[in-house]
Every structure is written in C-alpha cells, then in structure tokens.
Amino acid sequence: MKLILKNLATETDHIRVMTFQNASGEALPEYSAGAHIEFDLGAAGKRAYSLVDWPTASDDYTVAVQLEESGEGGSKAMHAMSEGHTVEVAVPKNDFALLDSPAPVLLLAGGIGITPMISMASQLQQQAHPFQIHYTARDASRMGFADELTQAFGDALTLHLDDDDLSALDLPKLMHSQAADTQVYLCGPRAMIDAARSAAIEAGLAENAIHIELFSTPEPEAGDTAFEVEISESGQVITVTANQTIIEALEAAGVDVMYDCQRGDCGICQCTVVSGTPDHRDVVLSDDEKAAGNVMQICVSRAKSSRLVIDI
C-alpha cells in the first residue's frame with residue numbers, strides 16, 4: 001500500500017507521532033492489537049513499527065518513532081518525513097498478539113516499547129479484561145505519552161523512572177505480586193527483556209506465559225568470529241563473517257531464506273540444527289530448548305563451533 005503522512009506531532013525530543021492515511025482513499029486493512037507495519041525506506045531499508053491505538057477509534061494508521069542517532073538510519077528516515085510525504089508499506093502483521101485467555105494480563109514496556117502496549121491495553125480495557133500496564137523509562141524526558149496513558153488507563157497504569165528511587169522498577173517484586181496464571185507481555189530493549197523474563201520465571205510464572213517483542217536489533221558482540229554454515233540438503237558450505245548474520249551470509253550466497261523481524265523475537269527463521277553448537281541470542285526459545293541445541297533462530301544467533309550444519 002501507499003500511505004500519506006497526514007499528521008506529524010512531537011511527543012518528546014526523541015519521539016515523533018506519525019499518522020498516515022491511505023493514498024488511494026480506500027479504507028485501510030484492519031489489524032489486531034500488537035500488530036506492526038513495515039515501511040520501505042529506500043536506502044535505509046525496510047523497518048517495522050508498531051501500530052498505536054488509543055481507546056478512541058481511528059480509521060488511520062499511527063506509529064510512534066524514536067530517533068536512534070547510532071542506528072542504521074531507519075528512524076532518521078522516518079523523522080525526515082514531513083506532512084504530505086508518501087511512503088510504501090506492507091499490510092499489517094502481528095507477531096505479538098494477545099492470547100485468547102481469561103487469565104489476568106501484565107503489560108511491561110521499556111522506552112519506545114510502550115507503543116504496542118497502548119493498543120493491547122485499549123483492547124483489554126474495552127473487553128473489561130483484568131490487566132496491569134507498567135511502563136519504565138530512563139528519565140521523564142524519555143517517557144512518552146505519560147499524560148495520555150494516565151488519562152486512558154488510570155489505576156491500571158504504573159509509571160517507573162530509573163532515576164527516581166521512589167518509582168524505579170523492582171522486577172522481582174512486580175513478578176512475585178502476579179497471580180500464578182498471569183500472561184506476561186514484554187516489549188523494550190534487550191537488557192530489560194532478559195531481566196524481566198528471568199524475574200518472572202524465578203517468581204514461578206510459566207515460561208510459556210511470557211510473550212516478548214524486542215525493540216532493538218542485536219549488535220555484534222566482542223569476540224565474534226567467522227564460522228561456517230553447511231546446508232544439510234545440498235552440502236553447500238557458506239562462511240559467516242564476524243560482522244554478518246547467518247541470514248545475510250545465506251542470502252549473499254543465493255540461498256532463499258524465510259524470515260521477518262531480524263531481532264530474534266518472532267520465530268519465523270527458526271531452523272533445525274543437524275550438528276554443531278549454536279550460540280543462542282534470541283528471546284524465542286526456552287532455556288531448555290537452547291540447552292538442547294536442536295533448533296536456532298538464524299537471524300541473530302551464531303555458532304560456538306567452527307561449523308554448523310542446518311536444515312532450512
């Protein structure tokens with residue numbers, strides 16, 4: 001589809017709220033809470049942003065984009081748009097949908113990870129479904145939508161600031177306060193996701209009740225080295241350099257690969273490991289699955305062995 005930027009608003013020094021309408025004038029496709037759309041940003045590549053829905057319905061698509069100065073240019077390209085700009089997007093997809101479950105829901109967001117949670121909280125509120133939403137940011141200047149969230153969700157909302165001892169998020173306390181059957185939805189940077197997931201499991205919450213969406217692409221780690229990947233069916237051997245992902249190396253070698261998020265949180269690129277030892281860096285697999293080493297997410301994970309043999 002082609003969308004036109006209808007309205008542009010500044011939420012914080014780093015966050016812009018962008019509302020789009022269909023360039024054709026037709027109604028936009030419907031979507032469920034937690035969905036995202038992927039923008040074709042030309043030289044900056046394709047970037048996905050969560051759709052934001054407040055309790056007041058809208059026929060437009062709204063996203064909130066945080067400027068990442070050290071990023072690869074996606075947010076810079078979005079921030080460079082002005083009202084009237086036309087951009088091509090894919091139809092909405094949802095890898096982070098709310099489960100159809102009567103269990104209470106905990107929504108935990110870090111930074112710009114609040115965006116899918118707004119839609120989720122709106123849906124849960126409309127359904128009179130029990131939920132809590134906890135939102136944490138480094139400081140008040142980085143916390144977008146605080147007033148709107150308070151007005152929309154009232155006592156269901158708790159705001160946390162890292163630089164405020166009185167409101168700073170205490171993950172063990174939060175997770176231990178949850179009912180045993182709580183469904184937990186986490187969205188934000190990797191460090192927060194890892195800490196929250198560990199705290200939830202330690203508190204006795206079921207691992208399959210923890211649902212995750214990352215809002216950052218994993219960076220190469222110190223000590224990353226090249227390794228080989230062998231395709232089990234063809235026997236083709238491909239070298240993955242220290243600065244490449246497995247997907248990038250496979251595509252450069254002409255191998256067709258199915259994937260989506262490239263953050264390690266959707267599971268679409270999962271493949272079977274025939275031999276070798278994966279270096280798991282995703283948030284999809286359970287600890288037991290990672291320990292077994294039988295499957296891996298090839299968008300972010302690497303190898304501890306010199307060669308991996310995989311079935312894709």
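Criteria and thresholds
- Residues numbered from 1 in each chain as written.
- Predicted model: local features only at pLDDT ≥ 70, side-chain atom pairs only at ≥ 80, totals over all residues.
- Heavy atoms only, no water.
- Helix = DSSP H or I, 4+ residues; strand = E, 2+ residues; numbered from the N terminus.
- Rg over C-alpha atoms; globule rule 2.2 N^0.38 Å.
- Buried < 20%, exposed > 50% of the residue type's maximum accessible area, 1.4 Å probe, protein only.
- Contact = heavy atoms within 4.5 Å.
- Pairing = 2+ DSSP bridges.
- Axes fitted to C-alpha atoms, helices over the stretch in contact; angles between N-to-C directions.
- Salt bridge = Lys/Arg side-chain N within 4 Å of Asp/Glu carboxyl O.
- pLDDT = per-residue confidence, 0-100.
- Core = buried A, V, L, I, M, F, W, Y, C linked by side-chain atoms within 4.5 Å.
- Parallel < 35°, antiparallel > 145°, perpendicular 65-115°, else oblique.
- Left-handed = near helix turned anticlockwise from the far one by under 90°.
- Nonpolar A, V, L, I, M, F, W, Y, C, P; charged D, E, K, R; others polar.

**Overview of the overall build of the protein chain**
Part 1: Scanning the protein chain from N- to C-terminus turns up seven helices and 18 strands.
Part 2: Radius of gyration (C-alpha) of the protein chain: 20 Å, near the 20 Å computed for a compact globule of 312 residues.
Part 3: Principal axes of the C-alpha set define a box for the protein chain whose edges measure 60 × 50 × 35 Å.
Part 4: Residues counted as buried form 47% of the 312 residues belonging to the protein chain.

**Things to note about the environment of Thr86**
Part 1: One can find Thr86 in strand E6 (residues 86-89).
Part 2: Classification of Thr86 by relative accessible area gives partly exposed; the value is 44%.
Part 3: Considered as a pair, Thr86 and Ile4 are 82 residues apart in the sequence and their alpha carbons are 4.5 Å apart.
Part 4: Thr86 has contacts with Lys2, Leu3 and Ile4, leaving out every residue within four places of it along the chain.

**Considering the sheet that holds strand E4 (residues 46-50)**
Part 1: With antiparallel pairing, six strands are arranged side by side in an open sheet as E4-E3-E6-E1-E2-E5. In the strand order of this sheet, the two ends are held by E4 and strand E5 (61-66), each with one partner. Averaged over neighbouring strand pairs, the angle between their axes works out to 40° when direction is ignored.

**Quick notes on the pattern of salt bridges**
Part 1: Inspection of every chain in the model, using the stated rule, returns eight salt bridges.
Part 2: A salt bridge links Arg281 to Glu221; the shortest N-O distance between them is 3.7 Å. Taken as a pair, Arg281 in the loop between strand E15 (278-279) and helix H7 (287-292) and Glu221 in the loop between strand E11 (210-214) and strand E12 (227-231) lie far apart in primary sequence, 60 residues in all.
Part 3: For Arg281, a relative accessible area of 9% gives the class buried.
Part 4: Glu221 sits in the partly exposed class, given a relative accessible area of 46%.
Part 5: Close ionic contact of Arg281 with Asp279 constitutes a salt bridge, the shortest N to O distance being 2.9 Å.
Part 6: The structure contains a network of salt bridges with shared partners spanning Glu221, Asp224, Asp279 and Arg281.

**Things to note about the confidence of the model for the protein chain**
Part 1: Per-residue confidence for the protein chain gives a mean pLDDT of 92, with 97% of residues at or over 70.
Part 2: Per-element averaging of pLDDT across the protein chain places H7 at the bottom with 89 and helix H4 (residues 171-176) at the top with 98.

**Points about the pairing of strand E18 (residues 307-311)**
A regular strand places its side chains so that they alternate between the two faces of the sheet.
Part 1: One ladder, built from four bridges, connects E12 with E18; its direction is parallel. Along E18, the bridge assignment pairs Glu230 with Val309.
Part 2: Alignment of strand E14 (residues 270-275) against E18, held across three bridges, turns out to be antiparallel. Residue pairing for E18: Ser275 is matched across the bridge by Val309.

**Description of the nonpolar core**
Part 1: Residues Leu107, Ile114, Met117, Phe131, Ile133 and Leu149 are the most contacted members of the largest nonpolar core, which totals 31 residues.
Part 2: Of all elements in the fold, only strand E2 (15-22), strand E7 (105-110), helix H2 (114-126), strand E8 (131-137), helix H3 (146-153), strand E9 (157-161) and strand E10 (183-188) reach the threshold of two or more residues within this core.
Part 3: When near neighbours in sequence (up to four residues on either side) are disregarded, Leu107 contacts Met117, Met120, Ala121, Leu124, Phe131, Gln132, Ile133, His134 and Tyr185.
Part 4: Counting residues in each nonpolar core, the second largest holds 21 residues, with Ile231, Cys269, Cys271 and Met296 among its members.

**Focus on the packing of H2 against H3**
Part 1: The interhelical angle for the contact between H2 and H3, taken along N-to-C directions, is 15°, at an axis separation of 11 Å. Here H2 is positioned roughly parallel relative to H3, judged by the angle of their axes. Our pair here, H2 against H3, has a crossing hand that is left-handed. Contact with H2, carried on its side by Ile114, Ile118, Ala121, Ser122 and Gln125, involves Leu149, Ala152 and Phe153 of H3 and no other residues of that element.
Part 2: In terms of residue class, the contact of H2 with H3 is built from six nonpolar, two polar and no charged.

**Quick look at the sheet that holds E9**
Backbone-to-backbone hydrogen bonds join strands into a sheet, with any given pair of strands oriented parallel or antiparallel.
Part 1: One open sheet accounts for five strands, arranged E9-E8-E7-E10-E11; its pairing is parallel. Of all strands in the sheet, those bounded by a partner on one side alone are E9 and E11. The average undirected angle you get between the axes of adjacent strands in this sheet is 15°.
Part 2: In the sheet, E10 pairs with E11 via five bridges, with the strands oriented parallel. If you follow Cys187 over to E11, its bridge partner there is Glu213.
Part 3: On the sheet, H2 packs against E7, E8, E10 and E11 and is oriented at approximately 155° with respect to E7.

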